[in-house]
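Residue-level structure breakdown
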Amino acid sequence: MKIKFLKTMFLFALTSSVLTSCVGDDDYEIPTVFSYAFNEGFETSPTGSGANEVAIALNGWVNHNTTTSYSPARLWHARAFSNNIYAEFSSFYSATGTSDEAWLITPAIDLTATTGEALSFATKTRFANGYPLTVLISTNYDGTVAGIGTASWTPLTFTAPTTDDVFVNSGLIDLSTIESNNVRIAFKYNGSKAGVTTTLQLDNVKITKN
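Description of the structure in this document. Sequence positions are assigned chain by chain, starting from 1 and proceeding in written order. With pLDDT at 70 or above as the cut-off, local features in this predicted model cover only qualifying residues; side-chain atom pairs require 80 or more to be listed or tallied, and sums for whole chains, interfaces and linings still use all residues. Working from all heavy atoms in the structure, the side-chain values ignore hydrogens and water.

1. Overview of the pattern of salt bridges
By definition here, a salt bridge exists when the distance from a side-chain nitrogen of Lys or Arg to a carboxyl oxygen of Asp or Glu is within 4 Å. Considering all chains together, one arrives at three salt bridges under this definition. Between arginine 74 and glutamate 53 there is a salt bridge whose closest N-O contact spans 2.8 Å. Taken together, the positions of arginine 74 in the loop between strand S2 (62–65) and strand S3 (77–81) and glutamate 53 in the loop between strand S1 (35–40) and S2 put the pair 21 residues apart, joining distant regions of the chain. Taking relative accessible area as the criterion, arginine 74 reaches 10% and is therefore assigned buried. Helix and strand labels come from DSSP, where a helix needs a run of H or I of at least four residues and a strand needs a run of E of at least two; each type is numbered from the N terminus. Three labels apply to residues, based on accessible area from a 1.4 Å probe with only protein chains included: buried if under 20% of the type maximum, exposed if over 50%, partly exposed otherwise in between.

2. With respect to the packing of aromatic side chains
Ring pairs are drawn from Phe, Tyr and Trp, using the six-membered ring of Trp, whenever the two centres fall within 6.5 Å, and their geometry is named by plane angle: stacked under 30 degrees, edge-to-face over 60, tilted for the rest. For the coordinates displayed, the defined rule picks out 11 aromatic pairs. Judged by centre distance (5.3 Å) and plane angle (90°), the rings of phenylalanine 92 and tyrosine 93 are edge-to-face. The exposure class assigned to phenylalanine 92 is partly exposed, which follows from its relative accessible area of 47%. Following the ring pairs from residue to residue traces out a cluster consisting of Phe121, Tyr131, Phe158 and Phe187. Look at NZ for Lys and CZ for Arg. If either is within 6 Å of the ring centre and within 35 degrees of the ring normal, a charge sits over the ring. Over the ring of phenylalanine 89 we find arginine 74; its NZ or CZ atom is 4.8 Å from the centre of that ring. Above the plane of the ring of phenylalanine 92 lies lysine 193, whose end atom (NZ or CZ) is 4.6 Å from the centre.

3. Some remarks on the side chain of threonine 199
As for its position among the elements, threonine 199 is in strand S12 (residues 199–209). Classification of threonine 199 by relative accessible area gives buried; the value is 7%.

4. Some thoughts on the pairing of strand S7 (residues 133–138)
Counting buried positions along S7 gives five out of six residues, so the element sits mostly inside the fold. Here S7 runs beside strand S11 (residues 184–192); their pairing, made up of six bridges, is antiparallel. Bridge pairing links serine 138 to arginine 184 in S11. Here two bridges tie S7 to strand S8 (residues 154–155), and the two strands are oriented antiparallel to one another. Looking at the pairing, leucine 136 lines up with proline 155 of S8. Strand pairing follows a simple DSSP-based rule, namely that at least 2 bridges must link the two strands.

5. Quick notes on the sheet that holds S11
Reading across from one edge, S2-S5-S11-S7-S8 is the order of the five strands in this open sheet, with antiparallel pairing throughout. The two strands at the open ends of the sheet, each matched to only one other strand, are S2 and S8.

6. So, the nonpolar core
Formed by 32 residues in total, the largest nonpolar core has its most connected members in Phe42, Trp76, Leu119, Phe121, Phe187 and Leu202. Elements represented by at least two residues in this core include exactly strand S4 (84–89), strand S5 (99–105), strand S6 (118–126), S7, S11 and S12. A per-element tally of this core places S12 first, with four residues. Contacts between residues were defined by any pair of non-hydrogen atoms, one from each residue, lying within 4.5 Å. Discounting residues that sit within four places of it in the chain, phenylalanine 121 has contacts with Val135, Phe158, Val168, Asn169, Ser170, Ile173, Phe187, Leu202, Asp203, Asn204 and Val205. Grouped together as the second largest cluster of nonpolar side chains are nine residues, Leu136, Ile148, Trp153 and Ala186 included. The definition of a nonpolar core used throughout is a set of buried Ala, Val, Leu, Ile, Met, Phe, Trp, Tyr and Cys residues joined through side-chain atoms within 4.5 Å.

Printed below as a string of structure tokens:
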């Protein structure tokens, strides 16, 4: 009787395990896998700290401050915090009486062979006293410093942070109607030592595609 009872309990436990496993499989959600036409998280950029700023110099990117009020002009630079690297700019560290129009522009991106493209990125503010960032798109920028002022730039609408110290996703910005092999996304910081000095951090610039 004891052996029969143990055999019955073993079969019951085995059946329960199989049934539980089958039900559990349905509870797991398969994560969405994205394909990217462009993906930059600044993780390969050398970083500085404190007053030591290391300008972002990634291949194909343009990093330029159009101000002529002081030299050398400050540029977007890379910082690291909690094992994450991101781009940063703040007019707080600029010289008294100066202003900044600091551009960080992506390499040319080809969207002619893809569909359903959407841009996204993350931004965070610190010590905010105004929002300094404009994001623009161009299909005729030639990649030179001189060309920044002559290219056609269209502002993009995105979700910006409303509180400090939290990275906020821009939301998906539809680029699916753009057919060009020279798509450039520009991140322009406008500030001044006597005006907006908000620290602006930028990360995870991505264009998803179908």
